[in-house]
Each structure stands twice: as structure tokens, then as C-alpha cells.
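Structural overview for review
Listed here are the chains, written in short residue letters.
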Amino acid sequence: MTWWGWLIIAAVILLLIIWGISVQRKLVGLEELCGNAMSQIGVQQNTRWDALNTLADLTKQYDEHEYKTLMDVLAQRRPITADSTAEEAQEQENMITDALQRFIAVGEAYPDLKASQMYQKSMEGVRQYEENVRLARMTYNDTVTKFNRTIRMFPDSLIASMLHFTTRTYLETAEDVKTMPSMRRS
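Residues numbered from 1 in each chain as written. Predicted model: local features only at pLDDT ≥ 70, side-chain atom pairs only at ≥ 80, totals over all residues. Heavy atoms only, no water.

**Details of unusual backbone geometry**
What is expected of a backbone is that most residues other than glycine have negative phi and most peptide bonds are trans. Cis peptide bonds are those with omega within 30 degrees of zero, and the linkage from phenylalanine 154 to proline 155 qualifies with 5 degrees. By the element assignment, proline 155 lies in the loop between α5 (117-152) and α6 (156-162). Phi at histidine 164 is positive, roughly 65 degrees, even though this residue is not glycine. With respect to the helices, strands and loops of the structure, histidine 164 is situated in the loop between α6 and α7 (175-178). (Helix = DSSP H or I, 4+ residues; strand = E, 2+ residues; numbered from the N terminus.)

**Some thoughts on the environment of glutamine 76**
With respect to the secondary-structure elements, glutamine 76 resides in the loop between α2 (64-74) and α3 (86-109). According to the relative accessible area criterion, glutamine 76 is partly exposed, its value standing at 41%. Along the primary structure glutamine 76 and isoleucine 96 are separated by 20 residues, whereas in three dimensions their C-alpha atoms are 10.0 Å apart. In this structure, glutamine 76 is in contact with Gln92 and Met95, ignoring residues within four places of it in sequence. (Buried < 20%, exposed > 50% of the residue type's maximum accessible area, 1.4 Å probe, protein only. Contact = heavy atoms within 4.5 Å.)

What follows is the structure, given as C-alpha cells:
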């Protein structure tokens, strides 16, 4: 074989190596974005847990038993990090929803509590945090879509499978959250 033949073979191999490295870098970047998006969900959930703690403290003045029950629920809080799965985030979301429904029920049972300015401000904060979590969840799902599409599409899928990149799970809205009672003041 002539030196031109070897040069062409070397050039093709070099191009394949450069392509493989660029795909690997793109996959790592997308995977990091997925982790960051999950981490943002965790940050937003933490602010909601804090707001629910404030509501629990307000509840204590009205119903000690309900306060203890709510604190038991709040004690089950687990941090959501970049390494958390969609299932773990959803589990925490379900716990927050359950706790929030309890707070709404307590507010309905105690009109003085519901009328208190602190309760109303805390519920307004929870509403804002709900919106922040919704946006963080949308960002996560969009990022997962880009990541999953990249690792499934040829030819990037070749490098993704060799490097053991796997698809990520989307966050879904639970049926009971879709029908959650309104938190708006009556």
C-alpha cells in the first residue's frame, strides 16, 4: 500500500476518534444538564418543605394532634440531588401534595387559622413554590428529552451504547395532583 493509502486510513481513523470524543463530550454535557435540572427540582421542593413547616407551626396553635401528624409527614422529607431519580423526586412530590391537602383541610376546619394573615402569606408562598416546581419539572423533562433523543439516534447511539449511557425517566404528573383542590381563597 502506498503512503497515500496509509495517510487516508490514518485520516479516517483520526476523524472517527475526533467524532467519538465530540459525541462523548456532548453526552456528558447533556447528562450534567439532566442532573442540574433534577437538582433544581430539589431546591424548589426544599423551599416548599420549609413553607409547609411554617404552616405546621401555625397549625400547632389550633390542633396539637394534627400538628404532630403533619410533623411526622414532614420528617419523611428526603433531599433531591443531581443523582436522584425521577421516581425519588415523584415520591417527594406525592408526600408534599399529601401534606398540603392536610393543611388545606386543617385550614377549612379552623376558620380563624385560615383567616390569619400569616397562614394566608404562607399559602401564597406555597402557591408560588408550586409554580417554581412546575417550571423546574418542565425544564427537567425538556432536558431529558434532548438527552434521550441524542443517545437513541444513530450514529451517536453507537458511542452512547459503548459508553453505557442509558435513557432517563421522565417526571409524570400523578392523577391525584391533576385533581388537587384549589388553594385559592374562597
